[in-house]
Amino acid sequence: MPNTLPRFDAREASKYFFRHGHTGWLGLRFHDLGENWVELELPWREDLLGEPSRPVLASGPIISLMDMASGMAIWQTTGTFTPVATLDLRVDYQRPARERASVLGRVECYRTTRSAVFVRGIAHDGDPADPVAHVAGVFMTIAADPRQKDNPGSGGQP
């Protein structure tokens, strides 16, 4: 049976991805896309502060932003929504975000192999030439759910 699923489109997928769960709670928003990259926005919110005395987004939500942008860049590049697992996501902070500023995360998928995908990107608060952070990551592609009895290597277990 041929694959009849439409090509993955990050713009369309974000309408569903950002309604619920962690990404929904964070309030992530779709911003832009290209053939092999996705840009998302993490809006500034007072409850996402790193320090109560400074109105600056904490590092944890920025990491979540970049992890989600990475996954979406992978799916945008491959054209399919298949499970991936974050193996390594290095975040090198350059500076804190500006006070009360949203952060944009732009990630490109620059290499895919049979079982690994490589991404890189930046988080910025309005000027990509002055990033808040650089990221580099490696993700593992998961071809099939090993718990399913129809998958080779599952030992016939449901």
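Look up: the structure comes first, before these words.
*Asks:* Explain the overall build of the protein here, please?
*Replies:* For the protein, the count of helices and strands is 3 helices and 8 strands. Helices (α) and strands (β) of the protein occur, in sequence order from the N terminus, as α-α-β-β-β-β-α-β-β-β-β. The proportion of buried residues among the 158 residues of the protein is 39%. Put simply, 57% of the contacts in the protein that link residues at least 6 apart link residues at least 24 apart. Carbon and sulfur atoms make up 52% of the accessible area of the protein, which totals about 9,300 Å².

*Asks:* Is there a simple way to think about the nonpolar core in this case?
*Replies:* Soluble globular proteins tend to bury their nonpolar side chains together. If you look at the biggest cluster of nonpolar residues, it comprises 35 residues, and the most contacted ones within it are Leu40, Leu42, Ile62 and Met72. If you list the elements that add at least two residues to this core, you get helix H1 (10–17), strand E1 (29–33), strand E2 (37–42), strand E4 (54–57), helix H3 (59–78), strand E6 (103–112), strand E7 (116–124) and strand E8 (133–141). For this core, the element with the most residues is H3, which contributes 9 residues. Those residues in contact with Met72 that lie beyond four places of it in its chain are Phe8, Ala10, Ala13, Ser14, Phe17, Phe18, Val38 and Leu40.

*Asks:* Help me understand the packing of H1 against H3, please; the structure alone is not making it clear to me.
*Replies:* A packed helix pair is summarised by two numbers, namely the angle formed by the two axes and the spacing between the axes. Following both chains from N to C, one finds H1 and H3 inclined at 135°, their axes separated by 10 Å at the closest point. Considered as vectors, H1 and H3 are oriented oblique to each other. Considering how the two elements wind past one another, H1 and H3 form a crossing that is right-handed. Within the contact between the two elements, H1 uses Ala10, Ala13, Ser14 and Phe17 and H3 uses Met68, Met72, Trp75 and Gln76. When its residues are assigned to classes, the contact of H1 with H3 shows 6 nonpolar, 2 polar and no charged.

Each value, and the rule that gives it
Residues numbered from 1 in each chain as written. Predicted model: local features only at pLDDT ≥ 70, side-chain atom pairs only at ≥ 80, totals over all residues. Heavy atoms only, no water. Helix = DSSP H or I, 4+ residues; strand = E, 2+ residues; numbered from the N terminus. Buried < 20%, exposed > 50% of the residue type's maximum accessible area, 1.4 Å probe, protein only. Contact = heavy atoms within 4.5 Å. Areas by Shrake-Rupley, 256 points an atom, 1.4 Å probe, with all protein chains shown as cover. Core = buried A, V, L, I, M, F, W, Y, C linked by side-chain atoms within 4.5 Å. Axes fitted to C-alpha atoms, helices over the stretch in contact; angles between N-to-C directions. Parallel < 35°, antiparallel > 145°, perpendicular 65-115°, else oblique. Left-handed = near helix turned anticlockwise from the far one by under 90°. Nonpolar A, V, L, I, M, F, W, Y, C, P; charged D, E, K, R; others polar.

Everything listed here is a matter of geometry and, on its own, says nothing about what the molecule does.
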